[in-house]
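Structural overview for review
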Amino acid sequence: MTASRGASTAAPGEQWLHLAELTADRLPLPYWAVALALGGVVWAEQAMEQAMLSDLSRLFTPNNLALRLALPALTVYMLLALRTLKRSALPQLAQLRPTVLIDDAAFDAAVQRIVQTSPRTEGILLILALAMVTAWFVLLRLPYPMMASMQLPGNPAQSLLTLIAYTIFGWAGLTLVWSTIRFGLGLGHLAEQPLAINALDPDNVLPFGRLSLRHSLTVAVTILLFVIPLGAPGDLLEYTVLAMATVASLSALILPLLGVHRQMSQARGHVTARISQELAHCQNRLMECVEVNNETLRDLSERTEKLMALRSAIYRSPTWPFRNASAALRVLLAAMSPLLYFVLNELVRTYMLPLLGVR
């Protein structure tokens, strides 16, 4: 009895919570505290860079502060977004369980494919981040990313802090990229499974749209956290990166939903085809009868009107897992937010500021 009550009050998706755990979840500190601590290490390294460049007191001038907070803030965001992306998906996946017509074992495997990042994968990504940072600073002797005139210093403590901080940043980025790619591919695979589709009511597939939007927004906000503090692109390479990032955000939104779109379109086609057959049947009865009494005529007329109204309603229903066209448009604009931010910023800078006498 106790076990039954506990199972009935469990939060939706809680049975998959262990799949969404990260290595930091197993530490004795809360996850948010670990994320802030790692961001603090990156912040300390950014303060060290400022001290190497000029007086440390200049760190708190508005321009320098925005620049130096970019990497720590992005590190914390990526770590928190990584965990949120996984855990917030679980209730939506639980809502999708009756809609996806596969057995429990196959559905559990699909959930694992969507949300799990194993400790082994995290370790491999950490080693990869360390290798990339070491190659950048030690082997190739390239300058600091935001300090083109300075290379890795000879001071061992400063060099070690630099390697640790950029490894943390790189590991957070690689883990988020890996997890979002895996999330999108897993969701796309789930969307290809047989689905229970109602051509008139998309409610049972709406979690697909919410999951894909969350996936896309994770990518979009990460890009904005790069673009806003560092400013608008200034050369062809930066424009290319922004364009590719926007395409990535749109792909994260659309590609995982292609299977749902295909099945929703097929369901609409099957129902409209059946309605067309019924309309043809009504027409044939009218054409074949030499004399049609008023009652039969009224019945056929009413049936025809109802069938045509139903067909119109089905044609207005969405074929993507969003409630209506306006909702789909809002989602599309959210996915394009990095590009829209740049366009609006350029419009203000080029046309509005000159009118106000600001250069």
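Relevant structure appears above.
Here's a quick rundown of the structure. Counting from 1, residues in each chain are numbered in the order their sequence is written. Owing to the predicted nature of the model, reporting of local features is limited to residues with pLDDT of at least 70; listing and counting of side-chain atom pairs is limited to 80 or more, with chain, interface and lining totals taken over all residues. The basis for the side-chain values is all heavy atoms of the structure; hydrogens and waters are excluded.

1. A short note on the environment of G173
Structurally, G173 can be placed in helix 7 (residues 156–191). In this structure, the C-alpha to C-alpha distance between G173 and M78, residues 95 residues apart in sequence, is 6.6 Å. Starting at the N terminus, helices and strands are each numbered in turn, a helix being any DSSP run of H or I of at least four residues and a strand any DSSP run of E of at least two.

2. Looking at the nonpolar core
Buried together is how nonpolar side chains tend to be arranged in soluble globular proteins. Joining through side-chain atoms within 4.5 Å is the link that ties buried Ala, Val, Leu, Ile, Met, Phe, Trp, Tyr and Cys residues into a set, and such a set is a nonpolar core. Burial status follows relative accessibility: with a 1.4 Å probe on protein chains alone, a residue under 20% of its type maximum counts as buried, one over 50% as exposed, and anything between as partly exposed. L93, V100, V111, V115, L190 and F208 are the most contacted members of the largest nonpolar core, which has 31 residues in total. Mapped onto this core, the elements with two or more residues apiece are helix 4 (89–96), helix 5 (104–115), helix 7, helix 8 (206–230), helix 10 (258–288) and helix 12 (325–335). A total of 5 residues in this core trace back to one element, the largest contributor, which is helix 5. The contact rule is simple, with two residues in contact once any of their heavy atoms fall within 4.5 Å. Setting aside chain neighbours within four positions, we find V115 in contact with L19, A20, K86, A89, L90 and L93.

3. Thoughts on unusual backbone geometry
Excluding glycine, a negative phi dihedral is what most residues carry, and trans is how most peptide bonds are arranged. Even without being glycine, R141 reaches a positive phi, approximately 55 degrees. Looking at where R141 falls in the secondary structure, it is placed in the loop between helix 6 (119–139) and helix 7.

4. Remarks on the packing of helix 2 (residues 31–53) against helix 3 (residues 62–87)
The convention used is that axes are lines fitted to C-alpha atoms, helices contributing only their stretch in contact, and that angles between N-to-C directions extend from 0 to 180 degrees. Contact geometry for helix 2 and helix 3: axes closest at 9 Å, N-to-C directions at 160 degrees. With respect to each other, helix 2 and helix 3 are oriented roughly antiparallel. The two elements helix 2 and helix 3 cross, and the hand of that crossing is right-handed. Here the residues of the contact of helix 2 with helix 3 are counted per class, giving 17 nonpolar, 5 polar and 3 charged. Roughly parallel refers to an angle under 35 degrees, roughly antiparallel to one over 145, roughly perpendicular to one between 65 and 115, and oblique to any angle outside these ranges. Should the near helix be turned counterclockwise from the far one by less than a right angle, the crossing is left-handed, whereas a clockwise turn marks it as right-handed. Each residue is assigned to one class: nonpolar for Ala, Val, Leu, Ile, Met, Phe, Trp, Tyr, Cys and Pro, charged for Asp, Glu, Lys and Arg, and polar for all the others, Gly among them.

5. Focus: the side chain of S159
Relative to the assigned elements, S159 resides in helix 7. For S159, a relative accessible area of 12% corresponds to the buried category. Side-chain polar atoms of S159 contact the backbone oxygen of P153, separated by 2.6 Å. If near-sequence neighbours (up to four positions away) are discounted, S159 is found in contact with L152, P153 and G154. Distance and chemistry together define a polar contact, namely a pair of N or O atoms within 3.5 Å, with one atom able to donate a hydrogen and the other to accept it when in protein, and with adjacent residues in sequence counting only for side-chain atoms on both sides.

6. Let's talk about the packing of helix 5 against helix 7
For any two helices packed against each other, the geometry comes down to the angle between their axes and how far apart the axes lie. Remark: helix 5 packs on helix 7, axes separated minimally by 7 Å, with the N-to-C direction vectors making an angle of 155 degrees. The angle between the axes of helix 5 and helix 7 places the two elements in the roughly antiparallel class. Packed against helix 5, whose contacting residues are F107, A110, Q112, R113 and I114, the element helix 7 presents R182, F183, G186, L187, H189 and L190 at the interface. In terms of residue class, the contact of helix 5 with helix 7 is built from 6 nonpolar, 3 polar and 2 charged.

7. Observations regarding helix 12
Every buried residue belonging to helix 12 is among A327, V331 and A335, and all of these are buried. Taken around the axis of helix 12, the buried residues stretch over an arc of 80 degrees, which confines them to a single face. Away from its buried face by more than 90 degrees, helix 12 exposes A325 and R330. Relevant arc is that of directions from the helix axis to the C-beta atoms, nothing else.

8. Points about the pattern of salt bridges
Salt bridge, as applied in this entry: a Lys or Arg side-chain nitrogen positioned within 4 Å of an Asp or Glu carboxyl oxygen. A complete count under the given rule lists 7 salt bridges for this structure. E49 is paired through a salt bridge with R68; the nearest N and O atoms lie 2.9 Å apart. Highlighted residues: E49 in helix 2 and R68 in helix 3, separated in sequence by 19 residues. R68 shares its class with E49; the two are buried. For D203, the salt bridge goes to R323, with nearest N and O atoms at 2.8 Å. Pair noted here: D203 is in the loop between helix 7 and helix 8 and R323 is in the loop between helix 11 (294–316) and helix 12, with a separation of 120 residues, a long-range link. Residue classification places R323 among the partly exposed positions, given a relative accessible area of 47%.

9. What about helix 6?
The span one expects for a helix is its residue count, reduced by one, times 1.5 Å. The end-to-end C-alpha separation of helix 6 is 28 Å, in line with the 30 Å expected for 21 residues at 1.5 Å each. Those residues of helix 6 not exposed but buried are T121, E122, L125, A129, V133 and F137. Taken end-on, helix 6 shows its buried residues confined to a sector of 120 degrees, consistent with a single buried face. Opposite its buried face, helix 6 presents the exposed residues R120, I127 and L139, each directed more than 90 degrees away. Of the surrounding secondary structure, the elements contacted by the buried residues of helix 6 are helix 7. Downstream of helix 6 by one or two residues, R141 has phi in the positive range, about 55 degrees.

10. Brief notes about the packing of aromatic side chains
Planes of paired rings set the category: under 30 degrees apart is stacked, over 60 is edge-to-face and the rest tilted, where pairs are Phe, Tyr or Trp rings (Trp by its six-membered ring) whose centres lie within 6.5 Å. Here the structure, examined in full by the defined rule, presents 4 aromatic pairs. Their ring planes at 55 degrees and their centres at 5.3 Å tell us that F137 and Y144 sit as a pair that is tilted. Its relative accessible area of 2% is what places F137 among the buried residues. Under the relative-accessibility criterion, Y144 is labelled buried at 1%. Their ring planes at 55 degrees and their centres at 5.3 Å tell us that F137 and Y166 sit as a pair that is tilted. Taken together, the positions of F137 in helix 6 and Y166 in helix 7 put the pair 29 residues apart, joining distant regions of the chain. Each member of the pair F137 and Y166 is classed as buried. An aromatic cluster is defined as three or more aromatic residues linked by ring pairs; in this entry it consists of F137, Y144 and Y166.

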